[in-house]
Amino acid sequence: MKTSIYKIEQPEGPLTENDLKAIGECGRIIKEGGLVAFPTETVYGLGGDALNEESSSKIYSAKGRPSDNPLIVHISDMASLESIVTDIPDECRILADRFWPGPLTMVMKSSGKVPSRTTGGLDTVAVRMPDDLTARQLIKASGGYIAAPSANISGRPSPTAFKYVLEDMDGRIDAIIDGGVNPIGLESTIVDLAGERIMVLRPGFITNEMLSEALGTEVITDPALLDPDCKDRPKAPGMRYRHYAPRGEVRPVKGSDDAVSEYIVGELAVANRNGRKTGVFCSSEHASKYDADVIRSAGSLDDASSAAHEFYSALRDMDDENVDVIFVENFTDRGFGEAFWNRLLRSAGSKWEEVK
Ligand code: TXA
Ligand code: MG
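Draft legend 1. Representation of the site of ligand 1 within the structure. As a matter of local geometry, ligand 1 sits amid 27 residues, with Thr42, Asn69, His74, Ser188 and Gly238 nearest to it. Here Thr42 contributes a side-chain N or O atom positioned 2.7 Å from an oxygen atom of ligand 1. Arg65 is positioned such that a nitrogen or oxygen atom in its side chain is 2.9 Å from an oxygen atom of ligand 1. Alone, ligand 1 offers 680 Å² of accessible surface; in the complex the protein occludes 97% of this. Mapped onto the shell around ligand 1, the elements with two or more residues apiece are β4 (72–74), β6 (124–128) and β10 (199–202). The dominant element in the shell around ligand 1, judged by the number of residues it contributes, is β6, at four residues. Its residues assigned to classes, the shell around ligand 1 comprises 15 nonpolar, eight polar and four charged.

Draft legend 2. Spotlight on the side chain of Ser80. Along the chain, the position of Ser80 falls in helix α3 (residues 78–82). The buried category is assigned to Ser80, whose relative accessible area is 11%. Contact partners of Ser80, with chain neighbours within four places excluded, come to Ile75, Gly144 and Tyr145.

Draft legend 3. How the structure looks around the domain arrangement of the protein chain. According to the domain assignment, the protein chain contains domain 1 (4–226) and domain 2 (249–354). Here the C-alpha centre of domain 2 lies 29 Å away from the C-alpha centre of domain 1. Listed per partner, the contact involves 27 residues of domain 1 and 16 residues of domain 2. Of the roughly 1,700 Å² buried where domain 1 meets domain 2, counting both sides, 53% is carbon and sulfur surface. Interface area lost by domain 1 to domain 2 is led by Pro157, Tyr164 and Leu186, which between them contribute 34%. Linking domain 1 with domain 2 are four salt bridges. One salt bridge connects Asp168 with Arg316, and the closest N-O pair in it is separated by 2.8 Å. Across the contact surface, domain 1 and domain 2 share nine residue pairs in polar contact (both at pLDDT 80 or more).

Draft legend 4. Expanded view of the sheet that holds strand β14 (residues 294–297). Strand order across the open sheet formed by five strands is β14-β13-β15-β12-β16, with parallel pairing between neighbours. With one partner strand each, in any of the chains shown, β14 and β16 (353–354) form the two edges of the open sheet. The sheet strands contacting helix α11 (residues 304–320) are β12 (249–254), β13 (278–282), β14 and β15 (325–328), and the helix crosses β13 at an angle near 170°. Contacting β12, β13 and β15, helix α12 (residues 337–347) crosses the sheet at an angle of about 135° to β12.

Draft legend 5. The arrangement of the packing of helix α7 (residues 162–169) against α11 in detail. Two elements in contact, α7 and α11, have axes whose closest approach is 11 Å; the angle formed by their N-to-C orientations is 55°. Judged by the angle between their axes, α7 and α11 are oblique. Crossing hand, α7 versus α11: left-handed. Taken together, the residues of α11 that come into contact with α7 (itself represented by Tyr164, Glu167 and Asp168) are Ser313, Arg316, Asp317 and Asp320.

Quick notes on the rules
Residues numbered from 1 in each chain as written. Chains lettered and ligands numbered in written order. Predicted model: local features only at pLDDT ≥ 70, side-chain atom pairs only at ≥ 80, totals over all residues. Heavy atoms only, no water. Near = heavy atom within 4 Å. Polar contact = N/O pair within 3.5 Å; in protein donor to acceptor, adjacent residues only side chain to side chain. Areas by Shrake-Rupley, 256 points an atom, 1.4 Å probe, with all protein chains shown as cover. Helix = DSSP H or I, 4+ residues; strand = E, 2+ residues; numbered from the N terminus. Nonpolar A, V, L, I, M, F, W, Y, C, P; charged D, E, K, R; others polar. Buried < 20%, exposed > 50% of the residue type's maximum accessible area, 1.4 Å probe, protein only. Contact = heavy atoms within 4.5 Å. Domains from an automatic or database assignment. Buried area = accessible area lost by both parts, 1.4 Å probe. Salt bridge = Lys/Arg side-chain N within 4 Å of Asp/Glu carboxyl O. Pairing = 2+ DSSP bridges. Axes fitted to C-alpha atoms, helices over the stretch in contact; angles between N-to-C directions. Parallel < 35°, antiparallel > 145°, perpendicular 65-115°, else oblique. Left-handed = near helix turned anticlockwise from the far one by under 90°.

In structure tokens:
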């Protein structure tokens, strides 16, 4: 299949005449049952008509993704929400007021309008209204409901820039919209409003504290995400799969600043001696300490936004360089740092090293 590329001239807006025309064409492709990858403020999405079962089937096969892992439905206005859920909970209205459009996905009881191919057979549906202008325009142009997982081949890190989407999806889908680099670089927060207790199923830029503050009640994280030995499985089916795994071994190191960098210096020496190709993902303050084949520095240790923004692209770039082992410093795990730590652990197979 030939994949058409459409470049957005002004992704930050206002969208130009050419941009609107390009997005209009992509909307038509989706309406006709095709697939278009598009930018959002989190990561690139692989979009198809959420109400068309065949489009969802195509998404699963383009990604090579298990079809019991449900897709998020993207909308561009509140009116579109009404027909796809049984009713709109008060909590949804409060959170939508505060955080939509934006990097928050809410799980609610499905009315049945979204086909089970899209919802993975669940009686709930996950809905998000993205903030990105191109994304919202595309949703409007394609009839109002776009099912979109991250636009990566299943098991690879989510794509956080156009070039990574091209790497994974060229020849597999109808079109890709080039909107440059995604500002956040980590997938949306998923909050479950359909269960007994309001719970974060996947941490993201919108933190538990932000949700708790808006709702006036404490919002917790799905316990299965925090404890690998927990008897319950994660509630979001996608969090059960090993994901985001680069080919190289990822080794997160936790502890006080100096202890962490000393430890990594020592372990790098061992790895270098053993002829392994080495990588480090670290703070800008420590970057000059390390002797590694590939060094990616990402802001300071207390800045989760910068680490989150760089992480997936660093993993992909290290794969391209055939790095065998990737040491990762301990950026803050507070606030947005919880999401970074969650993705880091998943890329590392839930293990880390603690030093004093
Ligand atoms: O930021 C994002 O959310 C990006 C952009 C493209 O919007 N999308 C994204 O989609 O990350 P995906 O498919 O890679 O991740 C969707 C996650 C999966 O873990 C899936 O299991 C979960 O959402 N999910 C979808 N519907 C659900 C539901 N009804 N209940 C619980 N989890 C659900
Ligand atoms: Mg994904």
